[in-house]
Amino acid sequence: MIDYDALLMSEQPSIAFRKLHEMHALPDYLDVLSQTMQRSDYHPEGDVLTHTFMVLDEVAKRKYQSEHPLWFMWACLLHDIGKTAVTTPDGHAPYHNESGIEVFKNVSIITDLSQRQYVETMIMYHMHLMNMSRNHAEDWRYLRLLKLIENKVSLNDLILISICDKLGRGYVAYDQLFEFYQFIIDKQIRLGTKPIAAFINDEDIFWQAYEMQLKGKTKEEILRSLDRKDVKG
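Residues numbered from 1 in each chain as written. Predicted model: local features only at pLDDT ≥ 70, side-chain atom pairs only at ≥ 80, totals over all residues. Heavy atoms only, no water.

### Examining the nonpolar core
Then step 1. The biggest cluster of nonpolar side chains holds 61 residues, and the ones touching the most others in it are F17, L78, I81, L129 and L158.
Then step 2. Looking at this core element by element, the count peaks at eight residues for helix α11 (residues 155-167).
Then step 3. Leaving out residues up to four positions away in the same chain, L129 has contacts with L145, L155, L158, I159, S162, F180, F183 and I184. (Core = buried A, V, L, I, M, F, W, Y, C linked by side-chain atoms within 4.5 Å. Buried < 20%, exposed > 50% of the residue type's maximum accessible area, 1.4 Å probe, protein only. Helix = DSSP H or I, 4+ residues; strand = E, 2+ residues; numbered from the N terminus. Contact = heavy atoms within 4.5 Å.)

### As for the side chain of H51
Then step 1. The residue H51 is located in helix α4 (residues 48-60) in this model.
Then step 2. A relative accessible area of 0% places H51 in the buried class.
Then step 3. A polar atom in the side chain of H51 sits 3.4 Å from the side chain of H79. (Polar contact = N/O pair within 3.5 Å; in protein donor to acceptor, adjacent residues only side chain to side chain.)

### A look at the packing of aromatic side chains
Then step 1. For the coordinates displayed, the defined rule picks out seven aromatic pairs.
Then step 2. Taken together, a centroid distance of 5.3 Å and an interplanar angle of 15° make the contact between F206 and Y210 stacked. Here F206 pairs with Y210, and both are found in helix α13 (residues 206-214), just four residues apart, close to one helical turn.
Then step 3. Here the aromatic cluster, defined as three or more aromatic residues joined through ring pairs, consists of Y4, F17 and W74. (Phe/Tyr/Trp six-rings, centres within 6.5 Å; stacked < 30°, edge-to-face > 60°.)

### Looking at the packing of helix α7 (residues 96-104) against helix α8 (residues 113-125)
Then step 1. Following both chains from N to C, one finds α7 and α8 inclined at 155°, their axes separated by 8 Å at the closest point. In terms of axis orientation, α7 runs roughly antiparallel to α8. Contacts between α7 and α8 involve N97, E98, G100, I101 and F104 from the former and R116, V119, E120, I123 and M124 from the latter.
Then step 2. Residue composition of the contact of α7 with α8, grouped by class: five nonpolar, two polar and three charged. (Axes fitted to C-alpha atoms, helices over the stretch in contact; angles between N-to-C directions. Parallel < 35°, antiparallel > 145°, perpendicular 65-115°, else oblique. Nonpolar A, V, L, I, M, F, W, Y, C, P; charged D, E, K, R; others polar.)

### Some details on helix α5 (residues 69-78)
Then step 1. Burial analysis of α5 places eight of its 10 residues in the buried class, which makes it a mostly covered element.
Then step 2. Within α5, burial applies to P69, F72, M73, W74, A75, C76, L77 and L78.

### Comments concerning the environment of G192
Then step 1. Here G192 lies in the loop between α12 (174-191) and α13.
Then step 2. Spatially, the C-alpha atoms of G192 and L143 are 8.8 Å apart, while their sequence positions differ by 49 residues.
Then step 3. Leaving out residues up to four positions away in the same chain, G192 has contacts with Y142, L146 and K187.

### Quick word on the environment of S66
Then step 1. Structurally, the position occupied by S66 is in the loop between α4 and α5.
Then step 2. Along the backbone, S66 and H79 are 13 residues apart, and their C-alpha atoms lie at a distance of 16 Å.
Then step 3. With sequence-adjacent residues up to four places away left out, S66 is seen in contact with F72, N156, D157 and L160.

Here's what the structure looks like:
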């Protein structure tokens, strides 16, 4: 039986995983990534499995900066498993994070529920911070993400996977990384790293009300807008 935990915690995980791929011993959800090509302008390294191996070696250097080193390694191994299902002929992979969540449901090797929640959350949001930086996202979107990952994944670990995902591409867009660091530092200094407590906790309207709150609305303005008085919180 293959000890994947030990392989992931090795100094250069890609060596063992490449060997498993050559032996046709990888799980199908990983092996198929070698047949999934990416856009050459974004991923000059080629297929998704090659990218995954390069990311693994980057995260191996930084795993002890994460709050859960082994969980972090698993998240990075599986972060792009949704690409095969959604990649277009020209190499685009829209919503591969959401597709990845569906694939992960059938990844039975991880049984610990807390670890599964961590890995699932990392798969879902591994692109969000980098996309926010590139698109100069408004503050409320950053604050909303803090709420989405609350008690599941730390902001620190999400930042780390964002950086390693960018580094595992065969070439590094240093200007994008510099802009990313500036974006993250600015958000952390001005807005903090913890989510803002919600005015309203009614499950039926929580996210609608919370987004209004993050955009500066008062509780009274939110209630008037939603025409709701019988809410929790």
